[in-house]
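What the coordinates show
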Amino acid sequence: MKNQLENIINVISNYIEISDEEWESYSSKLCVKEVQKKEIILKQGEICREVFFVVEGLLRVFFVDNEGEEKTFHFSFENTFSADYESFLKKIPSNYSIQALEDTTIVLMSYEMLHDGYKSLKNGERLGRLLTEEYFFIFNDKIQALYTQSPIERYHNLIEKFPNILQRIPQHYIASYLNISSVHLSRLKNSKP
């Protein structure tokens, strides 16, 4: 478990300064879980009770619209956090489901643990604020891209941000993320930038 927690301490250290003593105490409450490919770790309509840190693997955040169609909102790669943060903080039903697209190792952080960190870590509240800001930026960037960028611009930005995404994620999920059809995505892949 210690090796699996190295990634999360490195990421947390990018946000805040944390002493070895603080980390020793805080990390003892973390739970590492292995998730199988296609497994749903959060269902739309359930309360999100944990924040998931991806150690290895890949998560997809999606929702089912009024027509019963799945819409991919976000992908969480290694060394990133994933959750329906609004559901997590407000303890309300989630608007999203989260699914593993590969066999995935995650670290679970409960609501209680996050709030305990606010008190027990010298910079715990700063960590919470920065994670919330990160979540806001994901939402903001996604919405802004949908309204201000063409499908080809969204595609190229996605490839630039995640160079190996086409090898790791099925095309229909990428098309859904870009808010286009799979046929349109095929055309974009074959076009010159």
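Strand order across the open sheet formed by four strands is 2-7-4-5, with antiparallel pairing between neighbours. The open sheet has two edge strands, strand 2 (40-42) and strand 5 (70-76), and neither has a second partner. Looking at each pair of strands side by side, their axes are set apart by 30° on average, direction ignored. As defined by bridge partners, strand 4 (residues 59-64) adjoins strand 5 across six bridges and the pair is classed as antiparallel. The partner of Leu 59 across the bridge, within strand 5, is Ser 76. On top of the sheet, helix 8 (residues 171-178) reaches strand 4, strand 5 and strand 7 (97-100); it is set at about 95° to strand 5, its chief contact.

Looking now at the sheet that holds strand 3 (residues 50-56). Taken in spatial order, the four strands make up an open sheet running 1-8-3-6, and their pairing is antiparallel. Single-partner strands in this sheet number two, and they are strand 1 (31-35) and strand 6 (81-82). The pairing of strand 1 with strand 8 (residues 104-110) spans five bridges and is classified as antiparallel. When the sheet's bridge partners are listed, Lys 33 is paired in strand 8 with Ile 106.

Here the focus is the environment of Glu 39. Relative to the assigned elements, Glu 39 resides in the loop between strand 1 and strand 2. We classify Glu 39 as partly exposed; its relative accessible area is 27%. In this structure, the C-alpha to C-alpha distance between Glu 39 and Arg 187, residues 148 residues apart in sequence, is 31 Å.

Looking now at the packing of aromatic side chains. Counting across every chain of the model gives 12 aromatic pairs. Taken together, a centroid distance of 6.2 Å and an interplanar angle of 75° make the contact between Tyr 96 and Phe 139 edge-to-face. Within this pair, whereas Tyr 96 is found in the loop between helix 3 (85-90) and strand 7, its partner Phe 139 is found in helix 5 (residues 124-148), the two being separated by 43 residues in sequence. Tyr 96 gets classed as buried once you look at its relative accessible area, which sits at 12%. Of the aromatic side chains, those joined through ring pairs into one cluster are Phe 63, Phe 73, Tyr 85, Phe 88, Tyr 96, Tyr 111, Tyr 135 and Phe 139. In this structure, Arg 60 packs its charged tip against the face of Phe 62, placed 3.9 Å from the ring centre. Lying across the ring of Tyr 111, Lys 91 places its NZ or CZ 4.1 Å from the centre.

Basis of the calculations
- Residues numbered from 1 in each chain as written.
- Predicted model: local features only at pLDDT ≥ 70, side-chain atom pairs only at ≥ 80, totals over all residues.
- Heavy atoms only, no water.
- Pairing = 2+ DSSP bridges.
- Helix = DSSP H or I, 4+ residues; strand = E, 2+ residues; numbered from the N terminus.
- Axes fitted to C-alpha atoms, helices over the stretch in contact; angles between N-to-C directions.
- Contact = heavy atoms within 4.5 Å.
- Buried < 20%, exposed > 50% of the residue type's maximum accessible area, 1.4 Å probe, protein only.
- Phe/Tyr/Trp six-rings, centres within 6.5 Å; stacked < 30°, edge-to-face > 60°.
- Lys NZ or Arg CZ within 6 Å of the ring centre and 35° of its normal.

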